[in-house]
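Spelled out from the first residue to the last, the chains are:
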Protein chains: 2
Amino acid sequence: MQLPAYEDVCRAHERIAPWIHRTPVLTSATFDAMTGATLFFKCENFQKAGAFKSRGAVNAVFGLEDADAVRGVATHSSGNHGMGLARAAACRGIDCTVVMPETAPRAKVAAVRGYGGEVVFCTPTNTARQQTLDHVVAESGANVVPPYDDARVIAGQGTCAKELLEDIEGLDVVIAPIGGGGLIGGTALSCRALSPHTQVLAAEPANADDAYRSLAAGKRLIEDAPDTIADGLKASLGELNWGIVQHEVDEILRAEEAAIVEAMHLIWQRMKIIVEPSCAVPLATILHHPERFAGQRVGVILTGGNVDLDRLPWSY
Amino acid sequence: MQLPAYEDVCRAHERIAPWIHRTPVLTSATFDAMTGATLFFKCENFQKAGAFKSRGAVNAVFGLEDADAVRGVATHSSGNHGMGLARAAACRGIDCTVVMPETAPRAKVAAVRGYGGEVVFCTPTNTARQQTLDHVVAESGANVVPPYDDARVIAGQGTCAKELLEDIEGLDVVIAPIGGGGLIGGTALSCRALSPHTQVLAAEPANADDAYRSLAAGKRLIEDAPDTIADGLKASLGELNWGIVQHEVDEILRAEEAAIVEAMHLIWQRMKIIVEPSCAVPLATILHHPERFAGQRVGVILTGGNVDLDRLPWSY
C-alpha cells in the first residue's frame, strides 16, 4: 500500500469541493480565558452528513471509474463514515451498504437509511465488523471504502486541516481526535506541507488509547472492542495511518471519560453548538494540560455533531 | 413616552458595537427542502450572554449619564434580559439587580450570578414581577432597564435586523418571535427604513397569544401568567411595543406547544446549533404554513441559546 501525499490532498480538495461545505472556524472568549490559549475551532459538526467523514467518502466515491462505480460501495462504520459514504453514494447515484455494530446510536442508523444506504448489523467488535463486510462484498461485488485505512480517505480528510491552515495564520498547534487515524493522518499531511512549524497533536480517550501505546511501543498495537463514550474513536489505528502517525504526529494526549463528557457539556453550554463526544476529546486534553497550550494559537478540529438527542451522556 | 425611530437604532449600533458580536447568518439545505423557501437564520444564540437581549441591555447601560450609572441598574426578567443586563453592567463596572420568577431555568439564574448580578426571586406572574422590582428600586435608587417596554431597549434590539438586512439582500420576509415586543419592535424599525418591501412577521406561542389577540381586537390586551415551553415569550406586549406592532407588523402567526418542541428538536438535529424553545417558534410557524412562505427569501431571527441542558423539553 502506498502512503498518500499532500498532492493527493490537493486533488481531493478539488474533487470534493462541489459536494462539501467549507466549514466555519469559531472562537470562544470563554475557552480562551479558561485555557490561556487562543483556540480556533474548525466546525466539521456543520459538515454535510454532520461530520468530516464526508470529505474522505466523497473523495473515494467520486474517484471511482464509472465501470467500478456501478457495483456500488460498502463499508463498516460505527456511524459517521457510514453516513458520509451513504450520502456520497447518493450524490453519485450508486448503491451503498453499511455494516454497523448493533450498539451504534439510533440517530446514525436512521441517518444512513435516510440517505438511501442499506444497513447490515454485526456484533460490536472490530473482528466481527470485518467478517460481516467480507460477506457483503463477496455477494455484491461492491467497492470497499474503508473508514480510515485508505489513501483516498486519508487524502480527503486532510482537506479539513488544509482549510483551517488557509483560513487561520500562525497556528502553533493543530489538535484532532485519533481513532483509526484517517483524520490525523490527513491533518499531518496538510500541516507538514503548509505550515511545517505547526505541531500536530492527537487526542485519544484513555479508554481506547491504542495509538498512544503504539507510539510508546514503536509498533502498531491492535485493540478489540474498547469501551468509551467517544463512540467515533473505538477503532484501532490503521496500517497506512500508523505509517503517517509514527513519523508525523508530535504527541498523543489522553482524556478520561468524565473529562470528555464535561468538555462536551461545556462546548454545548458555552459555544451553543452540538458536538459529539468524540469531538470533545481535544478540548478535554487542553483543559487538563493548560500549561502545554498557554499562550499558543491552537487549531482544534471539531469532528462531528451526530448525537442521539434523546440519550445524552450527562443524563444517563 | 416617545417611540424610538430608525435613527435611534443606528446610534445604538455605534454605541454597542464594541460590546456585542455581529452574529453569523446560517442557511440549511434541509429546511429549504422541507419548506420550499430560502431561509436565512440570524444566529443570536451566538450573541454575548447567549441572546439578542445583550443588544438592548448594552445600549441602555452605556447610554446612562455617569451620575446616574453609579446607582446601578435593575430589571425583571425570566432570564435572557437579566443575563444581558448583568453582563452589560459588568462591562461598565456598575451594580445590577435582577428580579426573576422562581420558575426561571436554573442555568439562567446561575448565569446572571456568574456575571455578578444579584438575583431576587418572585412568584411567576407579571404582576408580582413589577411589584418586586418597585420594591428593589425604592431601596437602591437603581436605574430601571425594562426588558422590552423602553425606547433604548427597542432601538438596541433593532440592530439585529439591521445587520441581517445589511448582510442578506432581497429578503421578502423577516420573522421573529414576539413576547413583550422589544425584538419585533426594533425589527420593524429597521425593516421599514432599510427594506420597505420586506414583510415583518411575528411568531407567537398559541398558549401566550396576547399579541395576536391584541392585533385582532385593535387594542392591547394583557395576559397574566401564560403557560408555554417558550419561556422567553411569556410577557405581554408592552405599551411602546404595541405602538409599533399595531402599525408595522404585517401578520402574527401562532404555533402550538408540540410544534414548538418539534421545531426546536429539528434545529438541534439538523443545524447542530443549540437554540431555546422561544427561538423555534418562527420555524414552527413556517413548517405549519409552508404555502405562506414557499418561493420566498425569509430571514428568521434565532433569539437565544440559553437552555438548561439537563432538562430538555423532549425528555420531560
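Residues numbered from 1 in each chain as written. Chains lettered and ligands numbered in written order. Predicted model: local features only at pLDDT ≥ 70, side-chain atom pairs only at ≥ 80, totals over all residues. Heavy atoms only, no water.

*Asks:* Could you clarify how one ought to interpret the domain arrangement of chain A in this entry?
*Replies:* For an interface, size is often stated in terms of accessible area lost upon the parts coming together. Residue and element names in this part refer to chain A. Here the domain parsing of chain A yields domain 1 (6-51 + 151-315) and domain 2 (54-144). Each side of the interface is counted separately: domain 1 has 34 residues, and domain 2 has 25 residues. Carbon and sulfur atoms make up 48% of the area that domain 1 and domain 2 hide from each other, which totals about 2400 Å². Contact with domain 2 buries area across many residues of domain 1, yet W19, A49 and R152 alone supply 27% of it, more than any other trio. (Domains from an automatic or database assignment. Contact = heavy atoms within 4.5 Å. Buried area = accessible area lost by both parts, 1.4 Å probe.)

*Asks:* Looking at this model, I keep getting lost on the interface of chain A and chain B. Mind explaining?
*Replies:* Between chain A and chain B, the residue contacts involve 18 residues of the former and 18 residues of the latter. Between chain A and chain B the total buried area reaches about 1500 Å² when both faces are included, carbon and sulfur atoms providing 63% of it. The largest share of the area that chain A buries against chain B comes from K272, I274 and L309 of chain A, three residues that together contribute 41% of it. Our count for the contact surface shared by chain A and chain B stands at 0 salt bridges. (Salt bridge = Lys/Arg side-chain N within 4 Å of Asp/Glu carboxyl O.)

*Asks:* Help me understand the relation of the copies chain A and chain B, please; the structure alone is not making it clear to me.
*Replies:* Between the two chain copies there is a screw-like relation: a rotation about an axis and a shift along it. Under the fitted operation, chain A is carried onto chain B by 0.0 Å of movement along the axis and a turn of 180°, and the coordinates agree to an RMSD of 0.0 Å. In short, the pair behaves as if placed about a two-fold rotation axis. For chain A, the smallest separation between a C-alpha atom and the rotation axis is recorded for I273 of chain A, amounting to 2.1 Å. In this assembly, 100% of the residues forming the interface of chain A have copies in chain B that are likewise at the interface, indicating an isologous arrangement. (Least-squares fit on C-alpha atoms with pLDDT ≥ 70 in both.)

*Asks:* Just to check I follow, could you spell out the confidence of the model for chain A for this structure?
*Replies:* In low-pLDDT segments, the atomic positions of the prediction should not be examined closely. On average, residues of chain A score 95 in pLDDT, and 99% of them are at 70 or above. On the interface metric, ipTM, the complex scores 0.91, and its pTM is 0.93. (pLDDT = per-residue confidence, 0-100.)

*Asks:* How do you make sense of the pattern of salt bridges when you look at a structure like this?
*Replies:* Once their charged atoms are close, side chains differing in charge can pair, the charge on each being opposite to the other. Residue and element names in this part refer to chain B. A full pass over the atoms with the stated rule returns 38 salt bridges over all chains. Note that D231 is salt-bridged to K108, the shortest N-O span being 3.1 Å. Taken together, the residues D231 in the loop between α10 (210-217) and α11 (239-248) and K108 in helix α6 (residues 106-114) connect sequence positions 123 residues apart. Take D231 and K108: they sit in the same class, and that class is buried. (Helix = DSSP H or I, 4+ residues; strand = E, 2+ residues; numbered from the N terminus. Buried < 20%, exposed > 50% of the residue type's maximum accessible area, 1.4 Å probe, protein only.)

*Asks:* Just to check I follow, could you spell out unusual backbone geometry for this structure?
*Replies:* Positioned with a positive phi, K272 of chain A is a non-glycine residue whose angle comes to about 60°. Within the element layout of this structure, K272 of chain A appears in the loop between α12 (257-271) and α13 (280-288). With phi around 60°, A49 of chain B is a residue other than glycine that occupies positive phi space. Within the secondary structure, A49 of chain B is located in the loop between β2 (38-43) and α3 (53-62). Owing to a relative accessible area of 10%, A49 of chain B belongs among the buried residues under this scheme.

*Asks:* Where do I start with the sheet that holds strand β1 (residues 25-26) of chain B in this structure?
*Replies:* Backbone hydrogen bonds are what pair the strands of a sheet, in a parallel or an antiparallel way. All names here are of chain B. Taken together, 6 strands build an open sheet; the order of strands is β1-β2-β10-β7-β8-β9 and the sheet is mixed. Each end of this open sheet is capped by a strand with a single partner; those strands are β1 and β9 (251-255). Looking at chain direction, strand β8 (residues 199-205) and β9 are connected through 5 bridges and run parallel. Bridge pairing in β9 places L201 opposite E251. α10 contacts β8 and β9 of the sheet and is inclined by roughly 140° relative to β9. (Pairing = 2+ DSSP bridges. Axes fitted to C-alpha atoms, helices over the stretch in contact; angles between N-to-C directions.)

*Asks:* It is not clear to me how the packing of aromatic side chains should be interpreted in this structure. Could you clarify?
*Replies:* The description of two aromatic rings rests on the distance between their centres and on the angle between their planes. Inspection of the entire model under this criterion finds 7 aromatic pairs over all chains. Ring-pair connections join several aromatic residues into one group, and the members of that group are W268 and W314 of chain A together with W268 and W314 of chain B. When the ring centre of F293 of chain A is taken as origin, the NZ or CZ atom of R292 of chain A, which lies over that ring, is 5.6 Å away. (Phe/Tyr/Trp six-rings, centres within 6.5 Å; stacked < 30°, edge-to-face > 60°. Lys NZ or Arg CZ within 6 Å of the ring centre and 35° of its normal.)

*Asks:* How should the sheet that holds strand β4 (residues 96-101) of chain B be read in this particular structure?
*Replies:* Residues and elements named next belong to chain B. Taking strand neighbours across the sheet as the criterion, the 4 strands line up as β5-β4-β3-β6 in an open arrangement whose pairing is parallel. Each edge of the open sheet is held by one strand with a lone partner, namely β5 (118-122) and β6 (143-144). In the sheet, β4 pairs with β5 via 5 bridges, with the strands oriented parallel. Its bridge partner lying in β5, T97 is registered against E118. Sheet strands in contact with helix α5 (residues 80-92) are β3 (73-76) and β4, and its direction is about 175° off that of β3.

*Asks:* Explanation requested: helix α5 (residues 80-92) of chain A in the structure shown.
*Replies:* Because each turn of an α-helix spans 3.6 residues, side chains separated by three or four positions in sequence point in the same direction. Residues and elements named next belong to chain A. For α5, spanning 13 residues, the distance from its first C-alpha to its last is 18 Å, which sits close to the expected 18 Å at 1.5 Å a residue. For α5, the buried fraction is high: 10 of the 13 residues fall into the buried class. On the buried face of α5, the contacting elements are α3 (53-62), β3 (73-76), β4 (96-101) and α6 (106-114). The first or second residue beyond α5 is G93, which carries a positive phi of 80°. (Expected span 1.5 Å × (residues − 1).)

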